[in-house]
Amino acid sequence: MPTATAGFVGLGIMGLPMAKNLLDAGYDVVGHNRSAEPVEELVEYGGEDGGSPAGVAERSDVVFLCLPDSPAVADVVLGEDGEPDPVIDGVSAGMTVVDHSTISPTVAEAVAEQLAEEGVDTLDAPISGGESGAIEGTLSIMVGGDEDVLAEWTDALEVMGETVTHCGPSGAGQTTKACNQIVVAAQMVGVSEALVFAHNAGANLEAVVDAISGGAAGCWTLDNRAPSMIRGDFDPGFFAEYQYKDLRIATDAGETFGSPMPQTELAHELYKSMVQNDMGRDDNSGVMQVLEMLAGEEARIDG
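Residues numbered from 1 in each chain as written. Predicted model: local features only at pLDDT ≥ 70, side-chain atom pairs only at ≥ 80, totals over all residues. Heavy atoms only, no water.

(A) View of the pattern of salt bridges. Scanning all chains against the criterion turns up nine salt bridges. One salt bridge in this structure joins Glu48 and Arg59, with 2.2 Å as the shortest N-O distance. Separated by eleven residues along the polypeptide, Glu48 in strand β3 (residues 48-49) and Arg59 in the loop between α3 (53-58) and β4 (62-65) bring together distant segments of the chain. We classify Glu48 as partly exposed; its relative accessible area is 36%. Two residues, Arg300 and Glu292, come together in a salt bridge whose shortest N-O distance is 2.3 Å. You can call Arg300 partly exposed: its relative accessible area is 23%. Glu292 sits in the buried class, given a relative accessible area of 5%. (Salt bridge = Lys/Arg side-chain N within 4 Å of Asp/Glu carboxyl O. Helix = DSSP H or I, 4+ residues; strand = E, 2+ residues; numbered from the N terminus. Buried < 20%, exposed > 50% of the residue type's maximum accessible area, 1.4 Å probe, protein only.)

Written as structure tokens, this is what we have:
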């Protein structure tokens with residue numbers, strides 16, 4: 001049985017099932033979330049309520065974070081926007097903070113530098129795989145930071161992820177996640193375009209999905225989202241507003257590093273349109289709805 005106590009701050013659609021998987025693996029888990037309901041669910045499952053980010057850190061050997069964006073991480077960890085009890089107030093030398101949030105690589109590096117002044121190791125470890133991957137413990141985890149620190153916590157990360165990949169120094173995990181989201185968005189938009197076109201041209205949508213899934217066009221989106229997309233089911237596995245946020249990170253980084261991103265810029269604008277049309281809490285595959293709005297017709301099947 002694991003002897004370390006794991007803290008978990010951010011018990012949302014991804015964080016709560018990840019924390020539950022740690023409990024299932026035998027870790028003691030102390031949690032915190034800004035809304036109370038997920039904490040109550042964690043406690044019912046066998047975890048403990050840390051009371052605050054600092055309270056979680058005080059009782060933990062390692063603190064995992066799963067927060068929505070860069071400002072939230074800066075506030076929860078460092079108290080930069082009014083958090084009265086940030087993580088940094090509860091840390092002690094020798095512990096580790098592992099951040100599963102998707103944030104700017106430069107923010108990840110800045111947070112790591114401030115925690116290092118307290119003797120705390122950090123790993124930026126963003127995740128991919130959606131809610132289903134979080135529940136099933138099959139996430140892809142992209143890690144930036146010291147390899148020795150990663151080795152110390154690999155067992156815990158493997159409880160939550162099927163693949164754990166060291167991508168380089170601090171910030172490299174976030175850079176890799178930006179690459180992931182560039183490709184994910186391209187898939188979502190490409191599949192959406194194809195399905196709307198197929199519908200407008202009179203093809204059988206189920207047959208189209210089956211046919212192209214087995215060839216060179218085969219991809220995660222066709223296998224895992226297209227059957228729901230053609231039925232108008234956009235219940236979230238990963239919020240579109242989070243995809244939009246991630247694409248802002250990617251395009252900003254592209255600007256910083258002088259990397260051309262014409263396709264990603266287009267995807268960014270389509271996801272912006274989702275958010276502006278109150279679709280931000282739909283699944284990121286719901287970008288298909290923007291293409292349907294442009295076409296003036298929905299691409300759907302019955303049943």
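(B) Structural context of helix α2 (residues 36-45). Every buried residue of α2 is listed here: Pro38, Val39 and Leu42. In an axial view of α2, the angular spread of the buried residues amounts to 100°, which keeps them on one side of the axis. Seen from the buried face of α2, the exposed residues on the opposite side, beyond 90 degrees, are Glu37 and Glu44. Where α2 is buried, its residues contact α1 (15-24), β2 (28-32) and β3. One or two residues past the end of α2 sits Gly46, with phi positive at roughly 125°. (Arc of directions from axis to C-beta. Contact = heavy atoms within 4.5 Å.)

(C) Region of interest: the layout of surface pockets. Considered as a void within the structure, the largest pocket measures approximately 940 Å³ in volume. Surrounding the largest pocket, 49 residues form its lining, Ile13, Met14, Ile127, Phe238 and Tyr242 being those nearest its centre. Put simply, the parts of the chain that give the lining of the largest pocket at least two residues each are α4 (70-78), β7 (127-128), α6 (130-136), α8 (172-200), α10 (220-224) and α12 (240-257). Among the elements that take part in the lining of the largest pocket, α8 stands out by supplying six residues, more than any other. In terms of residue class, the lining of the largest pocket is made up of 17 nonpolar, 23 polar and nine charged. (1 Å grid on protein atoms, 1.4 Å probe; cavity = no way out; pocket = protein on both sides within 12 Å on 5 of 7 lines; lining within 4 Å. Points joined across faces, edges and corners; volume = space filled by probe spheres on them. Nonpolar A, V, L, I, M, F, W, Y, C, P; charged D, E, K, R; others polar.)

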